[in-house]
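Below are the chains, spelled out letter by letter.
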Amino acid sequence: MRNTLTQWFDSLVNRAVLLVVGVTVLTAVIVTIVSVQVSRQELEVQARAQVKTVASMVALDVDQKLADRFLVLSNVAESLTMEQLTFELRAQLLVERQVALHHLFNDVYLFDHQGVVLSHYPLDAMEIGFDAGQRSYFRQTSLQLTPMVSEPFISFPNAEPTVMMTAPVFDHKGRFIGIIGGSIALESDNFLGRVLTNRLGESGYLGIATRSGITLAHPRADEVMQPLPPANEALQEAVNGYEGTRFTVNSLGRETLVSVQQMNQAPWFVIAVWPLEEALASINRLTRLLLWVSLAAILMLAPLAWWRFRKLLGPLGKLDKQINERHQGLRTMPVDVTGGREIREVAETFNQVMEERGHAMASLVEREAFFRSLSQSAPVGIVQTDVLGRIEFVNPAFEAIIGQCLAQLQRQHLMTGVYEGDRTSVTVAWREALHQGRTYRGQFRISDKLSGRLIWVDTMTSSIQTANKALGTISIVHDITHEREIEEQLKTEQSRAEGILGVLQEGVLLTDNQGQIRYANWAACSFLGVVGDCVGQSLFDLFSVEVEGKSWTINEFLAKEEIESLDAVMRNTRNQVLDVELTMLRLGRDTLNERLVFVLRDDRERRRHEEKLSWEATHDTLTGLLNRRGFNGTLTKWLMEAKNLARPSVLMLIDLDHFKPVNDRGGHLLGDELLRRLAGCLTDAVRQSDFAARLGGDEFGIILPACGLARAEELAEHIRVSVESLRIEKDGVSYGVTASIGLTELSADDSGPRETVARADEGCYAAKARGRNAVVTVPAPLVDTL
């Protein structure tokens, strides 16, 4: 075996074939690896964007459904404001009239203030009288006195995953009299059922879970109402508020791409999961294709190279024969062979030893043989012409380029094959090279006679001269058609990319790691306040960035792997202050050619919209004061702070006297104007640190943090006098109201806002019992320290 391998490697042909195949394999492997890696990175970026978009759209859709139900449920709860006895007697009729709720909820319930079911739609006698007082949704709603959504539970008797949305109901005095609730089957078509129909590819899926770790929606029914898998790191982080897109490993050990989107209306989050193997399926197919193409190329190249090298080394046998004939006297002419340089050197040495001949002729013959032998094996085309431009010799490489053999081309004019559009300029350049001894280099097109296609060539032409005259020209021709096609494709792609970036509203910048701008679209220059092109300038000389009040320099950006959707405030060269959403990517991290890509998006409108929605959710639109939701949240906060304050906080409830006659006689517009002026009186009377709210039609509340009861009583008396003195005239009639005011301290021992409000409400009733227009203080219960 060893001898066989030694003999095989002794052959020059075999060595050359092995070298060509080895270089080809190495080149194919490098190209495959680079192509696959680049394509994989691009595909991963696209997959992350797709998964994030799907998760965001589903989260927005479910948030909107919850918001619609919260809005309708809250409006219905406000419309049910009545006396408790009326509420309990008309409960079933009230529920049956709420047509809007029937379309949004599977079941609608009315509970009294102790949690007993008063009515149910659709009517089910088994449900009436059921005590839900210990259910978590009833306890939380009755304590917090705000609309809310419950944790998921299995409904009875349908055994379906269900959540309950609830809203508190108050009487005209603002006292809690019950709850209206609506149950939603999670898998119903008008809620989460359609979420399960959305798919990511073949095996990707969407799901919804709560921050308490319970699965609400999942394509596999056995996963619903089950705890989230503890082994999935991304899902466990989502329970703690994580939001983003990342790669992780699922419970089956498969690598997946997971996007988590937190929801606003409920403590839930949306999960979009796409197996990485499926997301990158196209690049795996490309890898296999490249490997098969490389293998096919090797299988074709190996025999072709073997045949070619056998042909190139064929003259060795001829040389052996001629040397033997010369030694035997059968040949008088010098040895004349073609082939490689080594073969020619042997022939030349042999001829010099055997016979000295005329040096001039020998030199010419040797040079011609050298040129033709070299041109035969040269990888580029070689063309020799006479002084008239007629072709005398071409090598095989040129034959392959033009699609004709030497017999067809000989004696044709060189310019015959040049494309007509280029022929004039090439002819002038060729003549200058011939007559002036210049070397001409240029690119032009020639025609392939076999296929009729145009071939781009890079040509270098030089004259062949003696001391007295020019003998012709020799041209080196290289086929650059493929390179030109690639160059045109690159130019097209570059133009396309620049066109896309040019129409984007977002600013896109490319800088080096020193902040020097290498590329910027028009939107980016506009963000920076620069008229015209800003390429070449330093980015951080053109703008400053603040994040959460802290100024960022390039060092803060370089300390990050990447930045996605960062809320920032920037100041440009025109001293304009802009709210922007900033994204940064790093290309070629920690290399000399590292580049930073910045994307700037105008975020002012979104932030203004969010601030407006936040304000409207907690304020009364008529008076501009806090509404009941905002008031309850603030009261809860200061109840928690009660034990930490040196002076007690005080709650003041104001119930207007004789307001209904104002509405009945003067009209609702007059009543609204009176309420607005009363709100102004309250705002003027309290400190900036106090909180005034409108709790109902004619009921107001004020929270006085760390005020002290004595100061609060003085303020209450001042407000009572101000309300009494406020008058509005219409059609010659003067209208006004008085105020019955109840005061109480916020005690650390209060179980919740309801207890504190009930105490202040007791003061209001006492004030009315004394004849109205009075201030009554109800002390907080003494704490038994024993």
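This one's a predicted model, so the numbers in the text were calculated from it and none came from an experiment.

Let's talk about the pairing of strand 12 (residues 268–275)
When a strand is regular, its side chains alternate between the sheet's two faces.
1) Next: Among the eight residues of strand 12, eight are classified as buried, and the element is accordingly described as predominantly covered.
2) Next: Residue alternation in strand 12 divides its side chains into two sets, Trp 268, Val 270, Ala 272 and Trp 274 and Phe 269, Ile 271, Val 273 and Pro 275, and both sets are buried.
3) Next: Pairing geometry for strand 8 (residues 204–210) and strand 12, over six bridges, is antiparallel. The residue of strand 12 that forms the bridge with Ile 208 is Val 270.
4) Next: In sequence, strand 11 (residues 255–262) turns back onto strand 12 through a hairpin of five residues.

Looking at the sheet that holds strand 20 (residues 544–547)
Backbone-to-backbone hydrogen bonds pair the strands of a sheet. The strands run either parallel or antiparallel.
1) Next: Strand order in the open sheet made by the seven strands is 19-18-24-23-22-20-21, with antiparallel pairing throughout. In the strand order of this sheet, the two ends are held by strand 19 (517–520) and strand 21 (550–552), each with one partner. Direction aside, neighbouring strands of the sheet carry axes that sit 35° apart on average.
2) Next: When strand 20 meets strand 21, the two strands line up antiparallel, connected through three bridges. Along strand 21, the bridge assignment pairs Val 545 with Trp 552.

Thoughts on the packing of helix 21 (residues 628–640) against helix 25 (residues 753–769)
1) Next: In contact at an axis separation of 10 Å, helix 21 and helix 25 are set at 100° when each is read in the N-to-C sense. Considering the angle they form, helix 21 stands roughly perpendicular to helix 25. Mapping the contact onto sequence places Leu 635, Thr 636 and Leu 639 in helix 21 and Pro 753, Thr 756 and Val 757 in helix 25.
2) Next: When grouped by side-chain class, the residues that make up the contact of helix 21 with helix 25 number four nonpolar, two polar and no charged.

Description of the packing of aromatic side chains
1) Next: Taken as a whole and judged by the stated rule, the model has 10 aromatic pairs.
2) Next: Geometrically, the ring pair formed by Phe 540 and Phe 543 is tilted, given 5.6 Å between the ring centres and 50° between the ring planes.
3) Next: Aromatic pair Trp 552 and Phe 557: ring centres 5.3 Å apart, planes at 75°, arrangement edge-to-face. Each member of the pair, Trp 552 as well as Phe 557, carries the same accessibility label: buried.

Brief notes about the pairing of strand 20
1) Next: The two faces of strand 20 differ: Val 545 and Val 547 on one face are buried, but Ser 544 and Glu 546 on the other face are not.
2) Next: By the bridge criterion, three bridges tie strand 20 to strand 22 (residues 563–571) in an arrangement that is antiparallel. Among the inter-strand pairings, Glu 546 is bridged to a residue of strand 22, identified as Val 569.
3) Next: Counting the residues that bridge the hairpin from strand 20 to strand 21 gives two residues, and of these Glu 548 lies at a positive phi of roughly 55°.

Description of the side chain of Asp 657
1) Next: In this structure, Asp 657 sits in strand 25 (residues 650–657).
2) Next: At 2.6 Å, the side chain of Asp 657 and the side chain of Lys 768 are in polar contact.
3) Next: Aside from chain neighbours lying at most four places away, what touches Asp 657 is Val 737, Thr 738, Ala 739, Ser 740, Lys 768, Arg 772 and Asn 773.

Structural notes on helix 15 (residues 420–436)
1) Next: Spanning 17 residues, helix 15 covers 25 Å between terminal C-alpha atoms, matching the ideal 24 Å at 1.5 Å per step.
2) Next: At Val 426, helix 15 is deflected by roughly 30°, the largest bend along its length.
3) Next: What helix 15 keeps buried is the set Asp 422, Val 426, Thr 427, Ala 429, Trp 430, Ala 433 and Leu 434.
4) Next: Buried residues in helix 15 make contact with strand 13 (381–385), strand 15 (440–447), strand 16 (454–465) and strand 17 (470–479).
5) Next: Taken from the residues just after helix 15, Gly 437 is the one with a positive phi, measuring 70°.

Calculation rules
- Residues numbered from 1 in each chain as written.
- Predicted model: local features only at pLDDT ≥ 70, side-chain atom pairs only at ≥ 80, totals over all residues.
- Heavy atoms only, no water.
- Buried < 20%, exposed > 50% of the residue type's maximum accessible area, 1.4 Å probe, protein only.
- Helix = DSSP H or I, 4+ residues; strand = E, 2+ residues; numbered from the N terminus.
- Pairing = 2+ DSSP bridges.
- Axes fitted to C-alpha atoms, helices over the stretch in contact; angles between N-to-C directions.
- Parallel < 35°, antiparallel > 145°, perpendicular 65-115°, else oblique.
- Contact = heavy atoms within 4.5 Å.
- Nonpolar A, V, L, I, M, F, W, Y, C, P; charged D, E, K, R; others polar.
- Phe/Tyr/Trp six-rings, centres within 6.5 Å; stacked < 30°, edge-to-face > 60°.
- Polar contact = N/O pair within 3.5 Å; in protein donor to acceptor, adjacent residues only side chain to side chain.
- Expected span 1.5 Å × (residues − 1).
- Bend = angle between axes of the 7 residues up to and from the residue.

Bear in mind that shape data such as this cannot, by itself, settle questions of function.
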